[in-house]
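Tertiary structure, described
Listed here are the chains, written in short residue letters.
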2 protein chains.
Amino acid sequence: MTPDRHRYCVIMCGGIGSRFWPYSRTNKPKQFIDFFGTGRSLLQMSFDRILPIVPKENIIVVTNAIYEPLVREQLPELDDSQVLLEPCRRNTAPCIAWAACHIMARDPQASMIVTPSDHLITNEAEFNRSVLRGFEFVEKNDALLTLGIHPTRPETGYGYIQIGQEVEPGILKVKTFTEKPDIELARVFVDSGEFFWNSGIFLWRAETIAEAFHSLAPDLAREFDKGQGIFGTDGEKAFINERFPACPSISVDFAIMEKAPNVYVECVDFGWSDLGTWSALYDNSPKNREANVTQNCNVMTYDSSGNIFAVRDEKLIVVSGIHDYIIADAGDVLLICPKSEEQRIKQMVNDVQVKFDDKYL
Amino acid sequence: MTPDRHRYCVIMCGGIGSRFWPYSRTNKPKQFIDFFGTGRSLLQMSFDRILPIVPKENIIVVTNAIYEPLVREQLPELDDSQVLLEPCRRNTAPCIAWAACHIMARDPQASMIVTPSDHLITNEAEFNRSVLRGFEFVEKNDALLTLGIHPTRPETGYGYIQIGQEVEPGILKVKTFTEKPDIELARVFVDSGEFFWNSGIFLWRAETIAEAFHSLAPDLAREFDKGQGIFGTDGEKAFINERFPACPSISVDFAIMEKAPNVYVECVDFGWSDLGTWSALYDNSPKNREANVTQNCNVMTYDSSGNIFAVRDEKLIVVSGIHDYIIADAGDVLLICPKSEEQRIKQMVNDVQVKFDDKYL
C-alpha cells in the first residue's frame, strides 16, 4: 500500500538527554546513540518505523541547529526542506507550530503525526495499525489526538491521561491530564482502569492544530503569522533565526492539549517506553545470565548482577562485586551509580557544571 | 660529602606489574608510573633516593629491552653503559649476576646496593643512614647483606627473615628465610620479635656476590664466565643477547640468599612498602575526608568512601554508593573491584588474556 501523500510526520529531535549523562552528552544526545547496539540510533529507528505510513519526502525532522551534522549523517535521505533547524531551545509548542506552518505551506490538506525521536517501540506492526487508525480519525474529525499507552505498572515518571466518553472503539474524549504523580496516586490511577500513559505522540490535521494555536496560544500564533508566505521559501531560515528566539518556551501539552476542547486519546498497546531513565533502559534491554545489560560493550563480570553497562567503543570493563548499578563511560567521564539512585544524576550534572563549566557535559 | 666512587647501585626495573592491572600495563608497568602524582615515577624516585649515596655515573638500571625508551625518557642522565637491557625475563638472579660482572669490569673493588625500582620509601634520611651503614659493613666483611624491615602488622604478602646472632649493633646473622606465611603464622612471626620483612634490597661487594654465584649457582656463573673480557666492551650487548636466554629463570633469594653461609640482615625502619597490592598503595597514599584515595584524578563522590581511584589523564569520575573499591581506568580498560577481592585480579588478567589475547594487557 502506498502511503497517503497528504500524511506527514514531524520527528522532534532537539533534546539534550541529560538524564543519560554521561552516555548521552550535549554534543551527542540520546536520540543519536545506537542504544541497543542494533546499528541504528533511536532517531534512525523512529524514521524507519514511520516509513511504511508516511511518504519519505513527508518526514520532517526538527532539531537544534547544532545537531544538523548528526541528522545529516544519520538520515542522508532527507533533503534541505525536511530538516528544520531551531536556533535555540523553546520546548515543544514553538517547534510544533513551526512544523505545522512549514507543512501547511506545502500542503494545506496535510494531516500529521508528531513524535519524539528518542522513544522505544517494540511492536511495530501494532504501532502501524494504531497510527493508521489515528490518521483516519483526525482526517475526518476536527480533533487533536494523543496516543495513550495502556499502563503496565504504577510508573511515577510519566504523565497520565484520564479517559472520558468513548467516541469510536478505542478512541475516547480526554477528561484530564495529570503530570507525574506520586506512587500512591499512580497506583490508584492504574487500578482504576481510567488512566493511560501520555506517550507524547500526537496526530491532527495541520489546519486543526493551527486553529488551536490561534485560539489557545495567540501570542505564539502571532509570531508565526508574521511569516505568512515565507514558509517553504528561501526566506524561511532567516525568518526563523530572527523570530524563533522571541517565542515563549512552553510545551504543547501545557499550551494546547490541557486546554483544548477537542482533545481525544487513542488507547494503544505497542510496547512503548520513553527510555527516560536508566532503569527504563535496563527494563527494555536484553539481559545476560546474571541479569546484566551489557549493551554492545565488552564486559567481564565476577559476582556482579543486575547492572547496566553503557560504554562506547572497544573499551573492556571488568567488574567484581557490583550489583544493580549503572556503569556509564563516555571516554572522558565515568559514572558509577546505583540504579535506585538515578534521580541523583541530575544533581551530579549540576555539580559537574559548577565545578568544571561545560567541559564534561 | 662526596659519594664514594667505589659504590654502585643496581636498580632492577624489568617487572611487568601485573597486580596493578589495568593501571599498570605491559607497555608501561608500575615502576614507570607517577603513582602519587608527584611528577616523578617510582623509578625516578628510586634514582633520586640513591643519588646522595652513589655517584650518578655509578647507577645502573637493568630492564627489559622493550622498556629502553621509557628508561631513556625518564632518566636522561644515564649514558649507554648505565642501562643494561635484558633480551628476556629471567627473574633476579641472572639480572644481578650480569650487573655484578658489568660493574666488576669497571671497578674490581666495587661495592653495590641492589634495589627494586617500584617500592615506596617515605623516610629518605633514615634510608640514607641505613644504606651508608650497610655499605660500610659489606666493605669490611665478606658478607651478603639484606635490609630487613621492622614489621608493623602481620602482612601475608611479604617474605620474612628470622634473625640470629647480632654481629654489630643492628646487624645480625640470618637464621631462616620464610616465604609469604598464612595469617596465623604471620602473627606468630610479628609477636615473636624475631622476624623482619624481606625488603629485597641487598648490599655486597661485587667480588662477594660473584663468589657466591660460583659456589651456589655454578651453572649460572658459568654462563657469565664465558663473557670474561667482554663486559664493559662493545661486545657485551651481543654476548648478552646470545647467552642471557640460556640462563635459568630463578630468584636471587632462592639461588643465593637462602643457601649462602655469609648472609646478614640489617634491621631498618625507613617507612617502606613494596607497593605490591592496591591495598598497600591505598594504605600509603594521602586520603581525603571520605577516606578516598584519588591520586591525581578528578573524582566527585557521593556517599562513597574508602575507595582508591587510579585513573590516567583528565578523566572525570563520578561515583555514588561505592565503598572500599578499586576503580582503575586505563583508557581502554576499566576495572571495578572490591579492595578485599584484589587477589582476584590475577585471575581476571588471565581470563582477559584467554578471551582477548594480549589486546588489553
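Residues numbered from 1 in each chain as written. Chains lettered and ligands numbered in written order. Predicted model: local features only at pLDDT ≥ 70, side-chain atom pairs only at ≥ 80, totals over all residues. Heavy atoms only, no water.

As a further point, take the overall build of chain A. On a plain count of helices and strands, chain A comes out with eleven helices and 16 strands. Since a compact globule built from 361 residues should have a radius of gyration of about 21 Å, the 21 Å found for chain A is in line with a globular shape. With the C-alpha coordinates aligned to their principal axes, the bounding extent of chain A is approximately 60 × 50 × 45 Å. Residue burial in chain A is summarised as follows: out of 361 residues, 57% are buried. In chain A, of all internal contacts separated by at least 6 residues, the share reaching a separation of at least 24 is 66%. Taken as a whole, chain A presents about 14,800 Å² of accessible surface, with 49% of it coming from carbon and sulfur. (Helix = DSSP H or I, 4+ residues; strand = E, 2+ residues; numbered from the N terminus. Rg over C-alpha atoms; globule rule 2.2 N^0.38 Å. Buried < 20%, exposed > 50% of the residue type's maximum accessible area, 1.4 Å probe, protein only. Contact = heavy atoms within 4.5 Å. Areas by Shrake-Rupley, 256 points an atom, 1.4 Å probe, with all protein chains shown as cover.)

By a simple turn and slide, chain A fits onto chain B: the slide is 0.1 Å along the axis, the RMSD is 0.0 Å, and the turn is 180°. Both chain copies can therefore be described as sitting about a two-fold axis. Across chain A, the smallest distance between a C-alpha and the rotation axis is recorded for G331(A), namely 3.8 Å. Looking at the interface residues of chain A, 100% of them are also at the interface in chain B, so both copies use one shared face. (Least-squares fit on C-alpha atoms with pLDDT ≥ 70 in both.)

Residue and element names in this part refer to chain A. For helix 8 (residues 236–243), the full list of buried residues reads E236, F239 and I240. When helix 8 is viewed along its axis, its buried side chains cluster within an angular range of 95° and face the same direction. Those residues of helix 8 that are exposed and aimed more than 90 degrees away from the buried face are K237, A238 and E242. At its buried positions, helix 8 is contacted by strand 3 (83–86), helix 3 (92–106) and helix 7 (218–225). (Arc of directions from axis to C-beta.)

With that settled, the discussion passes to the interface of chain A and chain B. The interface is formed by 36 residues belonging to chain A together with 36 residues belonging to chain B. Regarding the contact of chain A and chain B, the summed buried area is about 2,800 Å², with carbon and sulfur atoms giving 59% of it. It is L316(A), L334(A) and I336(A) in chain A that bury the most area against chain B; as a group they hold 21% of the surface buried on that side. Residue K315(A) pairs with D329(B) through a salt bridge whose shortest N-O separation is 2.6 Å. Run the count over chain A and chain B and you get 26 residue pairs in polar contact (both at pLDDT 80 or more). Elements supplying a minimum of two residues to the side of chain A that touches chain B: strand 12 (298–302), strand 14 (316–320), strand 15 (325–329), strand 16 (333–338) and helix 11 (345–356) of chain A. The residue makeup of the side of chain A that touches chain B, split by class, is 21 nonpolar, five polar and ten charged. (Buried area = accessible area lost by both parts, 1.4 Å probe. Salt bridge = Lys/Arg side-chain N within 4 Å of Asp/Glu carboxyl O. Polar contact = N/O pair within 3.5 Å; in protein donor to acceptor, adjacent residues only side chain to side chain. Nonpolar A, V, L, I, M, F, W, Y, C, P; charged D, E, K, R; others polar.)

Strand order in the open sheet made by the five strands is 12(A)-14(A)-16(B)-15(B)-13(B), with mixed pairing throughout. Across the chains shown, the open sheet's two edge strands, defined by having one partner strand only, are strand 12 of chain A together with strand 13 (308–311) of chain B. The average undirected angle you get between the axes of adjacent strands in this sheet is 5°. Pairing analysis gives four bridges linking strand 13 of chain B to strand 15 (residues 325–329) of chain B, with the strands arranged parallel. Across the sheet, V311(B) pairs through a bridge with D329(B), a residue of strand 15 of chain B. Taken strand by strand, helix 11 (residues 345–356) of chain B contacts strand 12 and strand 14 of chain A together with strand 15 and strand 16 (333–338) of chain B, and its axis lies near 145° from that of strand 12 of chain A. (Pairing = 2+ DSSP bridges. Axes fitted to C-alpha atoms, helices over the stretch in contact; angles between N-to-C directions.)

Right, let's get into the nonpolar core. What tends to happen in soluble globular proteins is that the nonpolar side chains get buried as a cluster. Counting 48 residues, the largest nonpolar core has M112(A), L144(A), W204(A), I209(A), F213(A), F224(A) and I256(A) as its most contacted members. With residues near it in sequence (within four places) discarded, F213(A) still touches A93(A), I96(A), A97(A), P218(A), L220(A), A221(A), V252(A) and I256(A). (Core = buried A, V, L, I, M, F, W, Y, C linked by side-chain atoms within 4.5 Å.)

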